[in-house]
Amino acid sequence: MSTTPHPDPTDLTPRHVSALLQDTTPWLSCEECFERMDTYAEAVVRDPAHTDEAMAAHLRGCAACDEEAQSLVQLLAAQ
Amino acid sequence: MTAVSRDEQRSTTPESPPRTEAVGPTDWVARLGGGGPEQAVALRELHELMLRAAAHQVWRMRPALPDPSPAAVEVIVNQAADEAMTALLGKLHTFEGRSRFTTWAFKFAILQAATEVRRLQWQHREVELRDLDVPIAPTHEGPELYAEGKDLAAAVAAAMHRVLTPYQRRIAIALLVDGVPIDVLADRLGTNRGALYKTLHDVRVRLRAELTANGYLAGRRASSPARTSAASTPRVSPTHTAGTP
Ligand SMILES: [Zn+2]
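No experiment lies behind these values; they were computed from the predicted model shown. (Residues numbered from 1 in each chain as written. Chains lettered and ligands numbered in written order. Predicted model: local features only at pLDDT ≥ 70, side-chain atom pairs only at ≥ 80, totals over all residues. Heavy atoms only, no water.)

A few words now on the overall build of chain B. A count of helices and strands for chain B gives 9 helices and 0 strands. Listing every helix and strand of chain B by position from the N terminus yields α-α-α-α-α-α-α-α-α. For chain B, the residues scored as buried account for 49% of the 245 residues in total. Relative to all contacts within chain B whose residues are 6 or more apart in sequence, the contacts with residues 24 or more apart total 66%. In the structure as shown, chain B presents an accessible area of about 11,600 Å², 55% of it carried by carbon and sulfur atoms. (Helix = DSSP H or I, 4+ residues; strand = E, 2+ residues; numbered from the N terminus. Buried < 20%, exposed > 50% of the residue type's maximum accessible area, 1.4 Å probe, protein only. Contact = heavy atoms within 4.5 Å. Areas by Shrake-Rupley, 256 points an atom, 1.4 Å probe, with all protein chains shown as cover.)

Before going further, it helps to spend a moment on the overall build of chain A. Along the backbone of chain A there are 4 helices and 0 strands. When the elements of chain A are put in sequence order from the N terminus, they spell out α-α-α-α. Scored against the burial criterion, the 79 residues of chain A give a buried share of 58%. Entry remark: accessible area of chain A is about 3,400 Å², with carbon and sulfur atoms responsible for 55%.

By the definition in use, this model includes 7 aromatic pairs over all chains. Arranged with centres 5.2 Å apart and planes meeting at 85°, the rings of Phe95 of chain B and Phe101 of chain B form a pair that is edge-to-face. Classification of Phe101 of chain B by relative accessible area gives buried; the value is 3%. Centroid distance Trp104 of chain B to Phe108 of chain B: 4.8 Å. Interplanar angle 70°. Geometry classified as edge-to-face. With a gap of 4 residues between them, Trp104 of chain B and Phe108 of chain B both fall in helix 5 (residues 101-122), about one helical turn apart. Phe108 of chain B matches Trp104 of chain B in its accessibility class, with the two residues each being buried. Here the basic side chain of Lys198 of chain B rests over the ring of Trp27 of chain A, its NZ or CZ set 5.7 Å away from the ring centre. (Phe/Tyr/Trp six-rings, centres within 6.5 Å; stacked < 30°, edge-to-face > 60°. Lys NZ or Arg CZ within 6 Å of the ring centre and 35° of its normal.)

Residues and elements named next belong to chain B. Each assigned domain of chain B is listed with its residue range as follows: domain 1 (6-122) and domain 2 (148-232). Every contact between the two is made by 5 residues of domain 1 and, on the other side, 8 residues of domain 2. In total, domain 1 and domain 2 occlude about 530 Å² of area from one another, counting both sides; carbon and sulfur atoms represent 61% of this. At the boundary of domain 1 and domain 2, one finds 1 salt bridge. The class makeup of the residues in the side of domain 1 that touches domain 2 is 2 nonpolar, 1 polar and 2 charged. (Domains from an automatic or database assignment. Buried area = accessible area lost by both parts, 1.4 Å probe. Salt bridge = Lys/Arg side-chain N within 4 Å of Asp/Glu carboxyl O. Nonpolar A, V, L, I, M, F, W, Y, C, P; charged D, E, K, R; others polar.)

Residue and element names in this part refer to chain A. Only Cys30 (SG), His58 (NE2), Cys62 (SG) and Cys65 (SG) from the protein reach the zinc ion as donors, at distances of 2.1 to 2.4 Å. Here the zinc ion binds 4 donor atoms, and the angle range of 103 to 118° at the metal identifies the geometry as tetrahedral. One chain supplies every donor to the zinc ion, and in sequence these donors are spaced C-x27-H-x3-C-x2-C. Of this pair, Cys30 sits in helix 2 (residues 30-46) while Cys65 sits in helix 4 (residues 63-77); the two residues are 35 residues apart in sequence, bridging distant segments of the chain. For Cys65, a relative accessible area of 2% puts it in the buried group. (Donors = N, O, S within 2.8 Å, 3.2 Å for Na, K, Ca; no water. Tetrahedral: all angles 85-135°; square planar, octahedral: opposite > 155°, others 65-115°.)

Here the focus is the environment of Ala159 of chain B. All names here are of chain B. With respect to the helices, strands and loops of the structure, Ala159 is situated in helix 6 (residues 150-163). Judged by its relative accessible area of 0%, Ala159 is buried. C-alpha separation for the pair Ala159 and Gln121, spaced 38 residues apart in sequence, amounts to 32 Å. Residue contacts for Ala159: discarding those within four places in its chain leaves Leu164, Leu207 and Glu210.

Turning our attention to the side chain of Arg60 of chain B. Locating Arg60 of chain B in the fold gives a position in helix 3 (residues 36-60). In this structure Arg60 of chain B comes out as buried when scored by relative accessible area, which is 14%.

So, on to unusual backbone geometry. Residue Pro26 of chain A follows Thr25 of chain A across a cis peptide bond; omega there is 0°. Among the structural elements, Pro26 of chain A can be located in the loop between helix 1 (14-20) and helix 2.

Here the focus is the pattern of salt bridges. Here the structure, examined in full by the defined rule, presents 17 salt bridges over all chains. With a closest N to O distance of 3.1 Å, Glu45 of chain B and Arg31 of chain B form a salt bridge. With Glu45 of chain B in helix 3 and Arg31 of chain B in helix 2 (residues 25-33), the pair connects residues that are 14 residues apart, well separated along the chain. Each member of the pair Glu45 of chain B and Arg31 of chain B is classed as buried. Put simply, Glu68 of chain A together with Arg118, Asp183 and Arg193 of chain B are held in one network by salt bridges that share partners.

Written out as structure tokens, the structure reads:
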């Protein structure tokens with residue numbers, strides 16, 4: 001497999017390593033995450049200890065969905 | 001944070017309970033889908049919901065904006081609310097009433113507003129799809145020769161060369177090392193968030209399998225890695241760096 005050498009060597013910091021090795025199983029797609037986000041956010045607001053394994057795995061691994069889910073929880077909690 | 005204080009203000013406003021909550025979920029769908037003056041009222045109320053959620057989102061991400069002035073925020077909020085409303089109306093028939101309608105509506109505005117802020121944040125920035133250029137660590141030496149931390153990084157880099165395709169490496173580096181937001185990258189590549197996340201998921205599965213086989217990670221049962229605390233950091237939330245490498 002051919003790789004294109006880059007002039008600036010990439011230093012993988014512990015944070016990068018952690019992100020690369022994030023366990024994102026069980027699998028949940030961004031589309032399914034969006035579908036569940038409303039019921040998930042309501043459940044979290046009702047009970048902060050609420051867990052949804054697949055949802056949690058997705059949010060650990062997908063920064064954009066995570067931001068949006070946190071935001072929705074915050075918005076609901078503020079009402 | 002500004003968003004919080006705005007929400008706090010809202011929630012402490014007397015008679016805050018949104019009148020929308022008094023309307024049942026199916027009523028919303030019926031009113032929005034019906035015709036006449038009732039529909040016009042429902043559309044106006046829905047637009048207010050979208051504005052509220054879009055404002056919440058944009059204020060939350062405001063520091064990321066190239067122009068964070070209230071006037072610029074207002075423009076983004078209005079545009080996101082309009083687009084989110086169109087998206088929602090196109091999916092109205094899919095609403096099943098499993099959550100409150102308002103919650104369901106909010107998520108469309110939040111998605112639209114967040115995506116728009118990230119787009120603006122990266123509007124004038126190049127997205128480079130680069131490969132990893134880290135010396136490939138010899139595999140036969142075994143984990144005991146690696147010190148913690150830096151050498152795990154070397155092991156990960158080596159695994160990336162061994163088990164990932166160049167495309168997978170470039171996507172992983174752009175998203176997780178360079179901090180390019182997933183929807184910005186999707187936009188530049190003409191794909192979508194879901195497809196890139198799938199690539200990322202495959203990358204992680206392959207890397208974890210390889211590093212588990214080499215003794216760097218514990219097996220599936222123990223979710224924390226065997227040799228390092230790096231990957232056991234409970235939450236890697238590139239969100240907080242979203243777009244800011
Ligand atoms: Zn996602």
